Amino acid sequence: MIALRLLQPVVAVTLVMALWPGQAAAEDRGHSFKTCSLITAEYLTVLQLASRGLDETTLNASLPDISAAARQRVDSLLALSRKEGLVDTHSRVHSEYAACARQVFTRLGMPEAGTRDSAFHFCAGENRVRYEITLAAVMEAPVEDVKRSLEPQHHAVAEAIYRIFEAEGPLVTFDHLAGELKHCLNDPGA
């Protein structure tokens, strides 16, 4: 069942650490809410393009100016998606994003209001809530129970995510979640 696979502990630690510079490396590499967010957006874009049928060769050809290390991360991400599936890989990327942002918050605290980093912090928090709602939908938790655990401003979001999940399934829901994150990063006030 997909819900169980989504919640399994990270087994491929080496691959994930090579793929995602967040987790324990966030503190060592001095990540910010911005770097956590931009890396996540890039990974989610690759997964969205892969879900639309673009293969590794086409993706690499369309990204001619990326470094060898970045190309390796794209290849590793696509390999992970072939091994675990697109839905589980989307889930892993969102989970790693939440972990990276949490570590930045632990290290730096709340960014100063009105700064660009505060906007990235806001998007990370909103994405975490949307991701948790998506996981609840995958695990078939009743939407009313989920709404009771949320702040009132997120009730409509929960209903919308559940509608998408019920109508289109998990991959479209994760695709939508990725789009919402990228929209927030482009316009955090929206």
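Novice: Would you mind showing me how to read the state of the cysteines here?
Specialist: Counting across every chain of the model gives two disulfides. Across the disulfide from Cys36 sits Cys100; the S-S distance is 2.0 Å. On the sign convention where negative means left-handed, the S-S torsion of about -70 degrees between Cys36 and Cys100 marks this disulfide as left-handed. Residue Cys36 is found in helix α4 (residues 33-51), and its partner Cys100 is found in helix α7 (residues 86-108); the two are separated by 64 residues along the sequence.

Novice: What should I look at first to understand the pattern of salt bridges in this one?
Specialist: A full pass over the atoms with the stated rule returns eight salt bridges. Arg82 is the salt-bridge partner of Glu56, the closest N and O atoms lying 2.9 Å from each other. Of this pair, Glu56 sits in helix α5 (residues 56-62) while Arg82 sits in helix α6 (residues 68-84), placing them 26 residues apart in sequence. The exposure class assigned to Glu56 is partly exposed, which follows from its relative accessible area of 25%. Judged by relative accessible area, which is 57%, Arg82 ranks as exposed.

Novice: For this particular structure, what's the right way to read the packing of aromatic side chains?
Specialist: The geometry of an aromatic ring pair comes down to the distance between the two centres and the angle between the two planes. Per the stated rule, a full pass over the model turns up one aromatic pair. Relative to Phe174, the ring of Tyr131 has its centre 6.3 Å away and its plane inclined at 50 degrees; by these criteria the two rings are tilted. Linking Tyr131 in helix α8 (residues 116-138) with Phe174 in helix α11 (residues 170-186), this pair joins segments that are 43 residues apart in sequence. Assigned by exposure class, Tyr131 and Phe174 land together as buried.

Novice: Looking at this model, I keep getting lost on the side chain of Glu84. Mind explaining?
Specialist: Relative to the helices and strands, Glu84 resides in helix α6. Residue class for Glu84 comes out buried when judged on its relative accessible area of 16%. Of note is the side chain of Glu84, whose polar atom sits 2.8 Å from the side chain of Arg92.

Novice: Any chance you could explain α8 here in plain terms?
Specialist: What sets the pattern is the α-helix's 3.6 residues per turn: residues three or four places apart point alike. Here α8 contains 23 residues, and its C-alpha end-to-end distance of 33 Å stays within 8% of the 33 Å for a straight helix at 1.5 Å per residue. Glu140 sits one or two positions beyond α8 and adopts a positive phi of about 65 degrees.

Novice: How should the layout of surface pockets be read in this particular structure?
Specialist: Gaps between atoms show up when a probe of the same size as a water molecule is rolled over them. The calculated volume of the second largest pocket comes to roughly 230 Å³. Around the second largest pocket, the lining residues are Glu42, Tyr43, Thr45, Val46, Leu49, Ser62, Leu63, Ile66, Ala70, Arg73 and Val74. Looking at the lining of the second largest pocket, the elements with two or more residues in it are α4 and α6. Per-element accounting of the lining of the second largest pocket gives the leading share, five residues, to α4. A class-by-class count of the residues in the lining of the second largest pocket yields seven nonpolar, two polar and two charged.

Cut-offs applied
Residues numbered from 1 in each chain as written. Predicted model: local features only at pLDDT ≥ 70, side-chain atom pairs only at ≥ 80, totals over all residues. Heavy atoms only, no water. Disulfide = S-S within 2.5 Å. Helix = DSSP H or I, 4+ residues; strand = E, 2+ residues; numbered from the N terminus. Salt bridge = Lys/Arg side-chain N within 4 Å of Asp/Glu carboxyl O. Buried < 20%, exposed > 50% of the residue type's maximum accessible area, 1.4 Å probe, protein only. Phe/Tyr/Trp six-rings, centres within 6.5 Å; stacked < 30°, edge-to-face > 60°. Polar contact = N/O pair within 3.5 Å; in protein donor to acceptor, adjacent residues only side chain to side chain. Expected span 1.5 Å × (residues − 1). 1 Å grid on protein atoms, 1.4 Å probe; cavity = no way out; pocket = protein on both sides within 12 Å on 5 of 7 lines; lining within 4 Å. Points joined across faces, edges and corners; volume = space filled by probe spheres on them. Nonpolar A, V, L, I, M, F, W, Y, C, P; charged D, E, K, R; others polar.

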